[in-house]
Amino acid sequence: MDAEKRRTPDSDGFSSLLLMLIALSGEFPIEQVRRLSGSVSYADFVVKRLKRERLIRTYYRDGLRGLRLTAAAKKQLAADWPDRFVPLFTGDTMTNAPKYSILHRLRLHRMAEVLVSMFNVGILSFPWEKPVVFTPTPLTEAPYIEWPAYYGSREVKNLGALATKIRNSRAMGLLLTGGSIFAVYNTGPALMKWEYQAEMRLKALLQIELCQNRLPGQFGAAELSAILFGSHMGQAPALLDADTKGKDHFIQDGSYDHFYFLTCDQRGDVILYLLLHPDEKAVLDGILSQGLDPARPNWAVVNDAMDGDSPVLFGYTCDMPRIMKFDNVLHIHGRTGTLYCFDFQEDAMRQVCGPNVEIRHIDFEAYEGSVFHQPQETD
């Protein structure tokens, strides 16, 4: 193939975006390509074109289909941006020589799914666009995280010996915002089995290494929360099933006061956006509060507003411990309350909550267009 056809596409184009994501992922789940473009046909067209140009190939095994870079694509990317890609394509790294076992490939796919969600919401995700935080030695000068930034688990491993303490953690990475730190997980289509002690070591690492040692000025008093991505809302009831062991599912243990369950799709992207934009969330909360009384802070039942003496919870961010606490305390005190969620969450919330909770839903499609926009689909 001639040099013109083998060249790397323009750095602002969809083709280059896809090549970069595959490079960072090692293997990229093919169904995720359509999440990057507003046009399904255009996304499919770009994949076919990159295959014709022998820059990507499909790897299919054990029922799992993913996209991998060809040797020609790696060579071209490393030549065009050596500072970005040479480290990814050097040595026995998962991005240079991804393994072929189903477990290793599934983890690569789960990591890629999270990366897409972060990118879609405008979170800084590429290593070269974020401040350097994770290094083997202490930082000489603490950077400031001006914009939400996501650091994948491979970046966290740059801590060196410190990273060995959390090697069994199931976390995909860490999301740093202005005043909060989120441990990020992805359970995929199956319920995750937690390594409880490993996750507690991760939390301790965040408290000591980030909040106290590396970024104390910005995150010294930061709230530690967690985000769990999944394939569909039907997983939420099982995650909160009172009959399951808390240490197996970890969420029920109270390790994080806020543990949000988001789906790896456009709907989850919108909720992630709201979590990171309190002003936008406040607008929606204001709409839901119309006709209601103000919240009662530090009241017996957690609430975001009151309907007379009946508490109201805005549960559309799917903060699972908070929803569980709302339901449990209402049951204990024999009170009734109202929970607001998006319509696609309604069935799951009815399974999670008991008869003391009235569920009211928000039309997601009517709301979604006003707060979220797909990336440009031109190349």
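Here the structure is a predicted model, which is why all the values come from computation and not from measurement.

Details of the overall build of the protein
For step 1, the next point in the chain: Helix and strand counts for the protein come out as 16 helices and 12 strands.
For step 2, the next point in the chain: Counting over 379 residues, the protein shows a buried share of 54%.
For step 3, the next point in the chain: Restricting the contact set of the protein to residue pairs at least 6 apart, pairs at least 24 apart contribute 66%.
For step 4, the next point in the chain: Split by element, the accessible area of the protein, about 17,400 Å² in all, is 51% carbon and sulfur.

Observations concerning the packing of helix H12 (residues 266-276) against helix H13 (residues 278-289)
For step 1, the next point in the chain: With their axes 5 Å apart at the nearest point, H12 and H13 run at an angle of 105° to one another. Classed by the angle they form, the pair H12 and H13 counts as roughly perpendicular. Contacts between H12 and H13 pair Tyr-273, Leu-274 and Leu-276 from the former with Pro-278, Glu-280, Lys-281 and Leu-284 from the latter.
For step 2, the next point in the chain: When the residues that make up the contact of H12 with H13 are grouped by side-chain class, the tally is 5 nonpolar, no polar and 2 charged.

Quick look at the side chain of Thr-70
For step 1, the next point in the chain: Relative to the elements of secondary structure, Thr-70 occurs in the loop between strand S3 (64-69) and helix H4 (71-80).
For step 2, the next point in the chain: Residue Thr-70 is classed as buried on the basis of its relative accessible area, which comes to 13%.
For step 3, the next point in the chain: Apart from residues lying up to four places away in sequence, Thr-70 is in contact with Arg-54, Leu-55, Ile-56 and Arg-57.

Comments concerning the nonpolar core
Inside soluble globular proteins, nonpolar side chains tend to come together where they are buried.
For step 1, the next point in the chain: Core analysis: the biggest nonpolar cluster contains 120 residues, and Phe-28, Leu-175, Tyr-185, Leu-228, Leu-272, Leu-339 and Met-349 have the highest contact counts within it.
For step 2, the next point in the chain: It is helix H2 (residues 14-25) that contributes the most residues to this core, 9 residues altogether.
For step 3, the next point in the chain: Beyond its immediate chain neighbours, meaning those up to four positions away, Leu-339 contacts Leu-313, Gly-315, Ile-323, Phe-326, Met-349, Cys-353, Val-357, Glu-358, Ile-359 and Arg-360.

Some points on the packing of aromatic side chains
For step 1, the next point in the chain: In the structure shown here, the tally under the stated rule is 20 aromatic pairs.
For step 2, the next point in the chain: A centroid spacing of 5.3 Å and a plane angle of 90° characterise the contact between Phe-342 and Phe-364, whose relative ring orientation is edge-to-face. Of this pair, Phe-342 sits in strand S11 (residues 337-342) while Phe-364 sits in helix H16 (residues 364-368); the two residues are 22 residues apart in sequence, bridging distant segments of the chain. Per residue, the accessibility class of Phe-342 equals that of Phe-364, and both read buried.
For step 3, the next point in the chain: Taken together through their ring pairs, the aromatic side chains of Trp-81, Phe-85, Phe-89, Phe-119, Phe-126 and Trp-128 make up a single cluster.
For step 4, the next point in the chain: The ring of Tyr-151 is capped by Lys-130, whose NZ or CZ atom sits 4.4 Å from the centre of that ring.
For step 5, the next point in the chain: The cationic tip of Lys-203 hangs over the ring face of Tyr-256; the distance from NZ or CZ to the ring centre is 5.2 Å.

Regarding the pairing of strand S10 (residues 310-314)
For step 1, the next point in the chain: Most of S10 is tucked away: 5 of the 5 residues are buried.
For step 2, the next point in the chain: Side-chain alternation along S10 places Ser-310, Val-312 and Phe-314 on one buried face and Pro-311 and Leu-313 on a second face that is also buried.
For step 3, the next point in the chain: With 3 bridges connecting them, strand S9 (residues 305-307) and S10 associate as antiparallel partners. By the bridge assignment, Met-306 is partnered in S10 with Pro-311.
For step 4, the next point in the chain: The pairing of S10 with S11 spans 3 bridges and is classified as parallel. Pairing of Val-312 across the sheet is with Thr-338, part of S11.
For step 5, the next point in the chain: You can see the chain leave S10, run along helix H14 (residues 320-333) and come back into S11, and the turn it takes is right-handed.

Some thoughts on the environment of Glu-209
For step 1, the next point in the chain: Relative to the elements of secondary structure, Glu-209 occurs in helix H8 (residues 196-214).
For step 2, the next point in the chain: Since its relative accessible area comes to 10%, Glu-209 is described here as buried.
For step 3, the next point in the chain: As a C-alpha pair, Glu-209 and Leu-162 span 47 residues in sequence and 9.1 Å in three-dimensional space.
For step 4, the next point in the chain: In this structure Glu-209 touches Leu-159, Leu-162 and Arg-214, once residues within four positions along its chain are discounted.
For step 5, the next point in the chain: Here the side chain of Glu-209 touches Asn-213 through a polar contact of 3.4 Å, side chain to side chain.

Here is what the cut-offs are and how they apply
Residues numbered from 1 in each chain as written. Predicted model: local features only at pLDDT ≥ 70, side-chain atom pairs only at ≥ 80, totals over all residues. Heavy atoms only, no water. Helix = DSSP H or I, 4+ residues; strand = E, 2+ residues; numbered from the N terminus. Buried < 20%, exposed > 50% of the residue type's maximum accessible area, 1.4 Å probe, protein only. Contact = heavy atoms within 4.5 Å. Areas by Shrake-Rupley, 256 points an atom, 1.4 Å probe, with all protein chains shown as cover. Axes fitted to C-alpha atoms, helices over the stretch in contact; angles between N-to-C directions. Parallel < 35°, antiparallel > 145°, perpendicular 65-115°, else oblique. Nonpolar A, V, L, I, M, F, W, Y, C, P; charged D, E, K, R; others polar. Core = buried A, V, L, I, M, F, W, Y, C linked by side-chain atoms within 4.5 Å. Phe/Tyr/Trp six-rings, centres within 6.5 Å; stacked < 30°, edge-to-face > 60°. Lys NZ or Arg CZ within 6 Å of the ring centre and 35° of its normal. Pairing = 2+ DSSP bridges. Right-handed = clockwise from strand over helix to strand, strands pointing away. Polar contact = N/O pair within 3.5 Å; in protein donor to acceptor, adjacent residues only side chain to side chain.

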